Amino acid sequence: MSGGTDSFKSAMRLLVGGVTLLTTANGNERRGMTATAVCSLSVDPPRILACVNLQGATYRVMAAGRAMTVNLLGASHENLARRFGAGSAHADDPFASGNWSTGSNGAPRLLDALAALECSIEEMIVTRTHAIVIGDVRDVIVTGDPRPLIYVNGSFRHVDALEHVPPSRPAQTIQ
Ligand SMILES: Cc1cc2nc3c(=O)[nH]c(=O)nc-3n(C[C@H](O)[C@H](O)[C@H](O)COP(=O)(O)O)c2cc1C
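Please read all numbers here as calculations on a predicted model, not as lab measurements. (Residues numbered from 1 in each chain as written. Predicted model: local features only at pLDDT ≥ 70, side-chain atom pairs only at ≥ 80, totals over all residues.)

Undergrad: Would you explain the site of the ligand in this entry?
TA: Lining the immediate surroundings of the ligand are 18 residues, of which A37, N53, G56, T58 and G85 lie closest. Counting residues per element, the ones that place at least two in the shell around the ligand are β3 (29-35), β5 (47-53) and α2 (57-65). When residues in the shell around the ligand are grouped by element, the largest group, four residues, is from β3. When the residues that make up the shell around the ligand are grouped by side-chain class, the tally is nine nonpolar, eight polar and one charged. (Near = placed C-beta within 6 Å. Helix = DSSP H or I, 4+ residues; strand = E, 2+ residues; numbered from the N terminus. Nonpolar A, V, L, I, M, F, W, Y, C, P; charged D, E, K, R; others polar.)

Here it is in structure tokens:
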């Protein structure tokens, strides 16, 4: 088995990812991107990390604005995931679709996300092509819908087996 990028990609396609939208703002400029390279870093204090390509507009605005919201997407958000995964080249404003508000950190928040974690950016560790962005979680909003959008083997999928999972805990705030 070779250790080349093709075999690496083949393996990583099998790692099931929860789909998120990372959003950010700096002044009036707002950006967002679809991301699966996101995970919890620590509970106390609550921190989350995301791996963000340095070439994207989202990285540039994050670096300037030092804010990031991690919006966890649900089964109904596939179109948004495609829209925000298409790169900055899209002609129209990607935020024209979806119900958005502005969070306490200034970044866009998707109102019907399964959960939104509003962060200030604690650290951005630049390593070759990407930055590991560490978010200091300031506010958490949980809507209660437990059905995630997932990405596996190059496709968006729903987890039907989760349809009978009880709703997640009600909205709460960390301060
Ligand atoms: C399912 C999916 C997952 C993605 N995960 C990541 C990720 O974790 N990190 C990343 O840098 N790009 C990821 N991308 C690519 C970005 O979403 C894409 O390049 C984005 O449009 C960049 O937007 P920007 O140029 O406005 O920053 C993913 C795309 C898709 C469709």
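Undergrad: What should I look at first to understand the sheet that holds strand β1 (residues 17-18) in this one?
TA: Here three strands make up an open sheet; going across it, the order is β1-β11-β12 and the pairing antiparallel. Here the strands that pair on one side only, and so sit at the sheet edges, are β1 and β12 (155-158). Note that strand β11 (residues 149-152) and β12 share four bridges and pair antiparallel. Across the sheet, residue V152 finds its bridge partner in β12, namely S155. (Pairing = 2+ DSSP bridges.)

Undergrad: Could you clarify how one ought to interpret the sheet that holds strand β6 (residues 67-72) in this entry?
TA: Strand-to-strand pairing in sheets goes through backbone hydrogen bonds, with the strands running parallel or antiparallel. Read across the sheet, seven strands follow the order β3-β2-β6-β9-β10-β5-β4 without closing on themselves; strand pairing throughout is antiparallel. Of all strands in the sheet, those with a lone pairing partner are β3 and β4 (38-42), marking the two edges. Within this sheet the neighbouring strands show an average axis-to-axis angle of 35 degrees, counted without direction. Pairing geometry for strand β2 (residues 20-26) and β6, over four bridges, is antiparallel. Bridge pairing links T23 to T69 in β6. Those strands touched by α2 are β2, β3, β5, β6, β9 (115-127) and β10 (130-142), and its axis lies near 50 degrees from that of β2. (Axes fitted to C-alpha atoms, helices over the stretch in contact; angles between N-to-C directions. Contact = placed C-beta atoms within 7 Å.)

Undergrad: When you look at the nonpolar core in this model, what are you seeing that I'm missing?
TA: Among soluble globular proteins, nonpolar side chains are generally buried collectively. L22, A50, M68, V70 and L73 are the most contacted members of the largest nonpolar core, which totals 34 residues. Beyond its immediate stretch of four places on either side in the chain, L22 contacts G32, M33, A35, A50, V52, T58, M68 and V70. (Core = buried A, V, L, I, M, F, W, Y, C linked by C-beta atoms within 7 Å. Buried ≥ 20, exposed ≤ 12 C-beta atoms within 10 Å, placed from the backbone.)

Undergrad: Before we go on, may I ask you to explain the pairing of β4 in this structure?
TA: Relative to β5, β4 runs antiparallel, the two sharing four bridges. Within β5, the residue paired with S40 across the bridge is I48. Counting the residues between successive antiparallel strands, the hairpin from β4 to β5 contains four residues.

Undergrad: Help me understand the pairing of β6 in this model?
TA: A regular strand places its side chains so that they alternate between the two faces of the sheet. Burial within β6 is extensive, with six of its six residues counted as buried. Alternating positions in β6 separate into two faces, A67, T69 and N71 on one and M68, V70 and L72 on the other, with burial throughout. Where β6 and β9 come together, six bridges link them in antiparallel fashion. Looking at the pairing, V70 lines up with L117 of β9.

Undergrad: What is the right way to look at the environment of T143 in this model?
TA: In this fold, T143 is placed in the loop between β10 and β11. The sequence separation of T143 and L114 amounts to 29 residues, and the corresponding C-alpha distance is 5.5 Å.

Undergrad: Please clarify how the environment of V133 should be interpreted in this entry.
TA: Tracing the sequence through the fold places V133 in strand β10. Judged by C-beta crowding, with 28 C-beta atoms within 10 Å, V133 ranks as buried. The spacing of V133 and R66 is 67 residues in sequence and 9.8 Å in space, taken between C-alpha atoms. With near-sequence residues (within four places) excluded, V133 lies in contact with L49, A50, V52, M62, M68, I121 and M124.

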